[in-house]
Amino acid sequence: MTADLVIEAEGLVKHFGATKALQGVDLAVPRGTVLGVLGPNGAGKTTAVRILSTLLVPDAGSARIGGFDVVRDAERVRQAIGLTGQYASVDEDLTGRQNLELFGTLLDLGRAAARRRAGELLEWFDLTGAADRMAKTYSGGMRRRLDLAASLVGSPDVIFLDEPTTGLDPAKREDMWDVVRTLVAGGATVLLTTQYLEEADALADEITVIDHGRVIAHDTPDGLKRVVGGQTLEVRPAHPTDLPRTAAILSEVSSGAVADEIRKGVLAVPVVDDAAMTEAVARLAGAGVPVTELSLHLPSLDEVFFTLTGTAHREEVAA
Amino acid sequence: MTTLLERPRTPITSVTPRPRPFRLVRHSLALAKRSLIKTWRTPEALIDVTLQPVLFLVIFVYIFGGAVAGSTHDYLQFLLPGILAQTIATGCIAIGVNLNTDLAKGIFDRFRSLPVPRSAPLVGAVLGDIVRYLIVTLVTVAIGYLMGFRITTDPLSAIAGCLLAVLFALCLSWLPVFVAMKVRTPGAVQGLMFALIMPLSFASNVFVDATTLPGWMQAFVEVNPLTHLVGAVRGLFLGTPLDGHVWWTLAWCAGFVVCFMPLALRAYRKKV
């Protein structure tokens, strides 16, 4: 018995006809932390979130939110959670404000408090200017913010974010990450699904990797990166003639690893030290090597899966 | 949202939901308001309850009036309660089509993830349609008046007739709501509901005096809920014999709710 697990699931199984969406998934999220559930399309991430948020009843296994069973005490669970996903969304024919006030009323905040809360969230998510426009006129990023605001109306202790940044451009993604950090700083427990190791690494305290409805890895971001490989430093020297000198410098900063030419004119080395990038920049500048590209990458989802399962992951039909 | 970083770290006033009595009523009303806002935003969705009764009245009165009743005015007096009943019954189809469309959208998942009584979204949708039924009643009677229709009883009876029609629509709504939970596409809801409503509206006393129909069909006409609604409205508008039509109509109303509301709610709960 771990006393302070806010989200617990054991052996969740869910089949849709012949599709085995979940085949025994365990999840555990301690209070005030973020669990990143990492997996490709069709891995079962959404099914797991739908079960945890009481939208689906599992075929087998059980789950509890704050100690309340998601099937037997669904009503209590619903009072504690906020859900944002590709599905749980807002009414497009209502304005942003009307949506938030409706959810406030449905959460029994009372008229005045529902109105105040809606104003507060609109302000926080920079939607005040668009508050009285129909949600269907919102841009993709605004819609995502409104969806998230809608799930926060009741100030939930437990927040499910199902692929909150899929389809957002990098700047908007950073904004969303910042929101998540703010929520956690405020004491919320978050379960976040994502297809990006970068996102899980940026936000999560622990990461559960699922594939084909099974957990294939569970670790801290650092632990997972030790297994799947950490960051890769990529450099493109401005002049191809500088490739040998660049390779030598990269090899030094990565303590001896050999730099590969991964694309024509682009060298890459694995780095473990956070200071590697600044050191590389200093040394390249010292040697007078101009570069046109310099970046630090985490392994892509494909690479993660290749390492964990030994097979290249093919796009699944979404379950 | 680039300014988000500058916002206070904990911008959230902690508000704890307070359970209060009559949640179903309050939540249903809140959701009915949502339906009303949507109706208000898409006035073209009111065509079935505005244009349709007008077309039916004009077409039937002026094309068939002379042949069926000898004069268009006599036929108008006879037909108007029938057209009211028919359009109010077909007006119910829209709720099924809308709900079927709505269910596929994220908003219903949102409702299901909130501590809201399971039935509230459906009850709210049904209640929100009261406005549509009031409109159809008003439009039909108003156009009828322009064409020469006259209520020959008293205002109270007339109002009672209108309210009975609206009540009938609210209760009958649970049938299309149930169908909406069971079939896969909005088009299928529309098709199935038309197949159900059309025989009800024609094999009845809506357009002709039922005594002219063949005997086997009269048996159907006599149990047809629309026959009773039309009989009741005719009695209340024109003073024709009520013959228990009001009670039969109320019995049918109760029957629709008792039968289809639980079925619809069960199907809604099961719906993934």
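Residues numbered from 1 in each chain as written. Chains lettered and ligands numbered in written order. Predicted model: local features only at pLDDT ≥ 70, side-chain atom pairs only at ≥ 80, totals over all residues.

Engineer: Which residues make up the nonpolar core, and what values go with them?
Structural biologist: Among the nonpolar cores identified, the biggest contains 150 residues, and Leu52 and Leu191 of chain A together with Ala85, Ala165, Val177 and Val233 of chain B are the most heavily contacted of them. Ranked by residues supplied to this core, first place goes to helix H3 (residues 72-91) of chain B with ten residues. The residues contacting leucine 191 of chain A, other than those within four sequence positions of it, are Ile7, Val29, Leu35, Val37, Val49, Leu52 and Phe160 of chain A. In terms of nonpolar packing, the next biggest core, distinct from the first, is built from twelve residues, Leu250, Ala259, Ala280 and Leu284 of chain A among them. (Core = buried A, V, L, I, M, F, W, Y, C linked by C-beta atoms within 7 Å. Buried ≥ 20, exposed ≤ 12 C-beta atoms within 10 Å, placed from the backbone. Helix = DSSP H or I, 4+ residues; strand = E, 2+ residues; numbered from the N terminus. Contact = placed C-beta atoms within 7 Å.)

Engineer: I'd like a description of the sheet that holds strand E11 (residues 231-237) of chain A, backed by residues and values.
Structural biologist: Residues and elements named next belong to chain A. The strand order across the open sheet built from four strands is E12-E13-E11-E14, with neighbouring strands paired in antiparallel fashion. This sheet does not close on itself; its edge strands, each paired only once, are strand E12 (260-263) and strand E14 (291-297). Each strand axis lies, on average, 30° off the axis of its neighbour in the sheet, ignoring direction. Where E11 meets strand E13 (residues 266-271), five bridges bridge the pair, whose relative direction is antiparallel. Bridge pairing in E13 places leucine 233 opposite valine 269. The sheet strands contacting helix H10 (residues 276-286) are E11, E13 and E14, and the helix crosses E11 at an angle near 20°. (Pairing = 2+ DSSP bridges. Axes fitted to C-alpha atoms, helices over the stretch in contact; angles between N-to-C directions.)

Engineer: Residue-level account of unusual backbone geometry, with values.
Structural biologist: Residue and element names in this part refer to chain A. Positive phi is not limited to glycine here, since aspartate 108 has a value of about 60°. You can see aspartate 108 is positioned in the loop between helix H3 (96-106) and helix H4 (111-124). The exposure class of aspartate 108 is buried, given the 22 C-beta atoms found within 10 Å. Look at serine 155: it is not a glycine, yet its phi comes out positive at around 45°. Mapped onto the fold, serine 155 is located in the loop between helix H5 (140-151) and strand E7 (158-162). Residue classification places serine 155 among the buried residues on the basis of 20 C-beta atoms within 10 Å.

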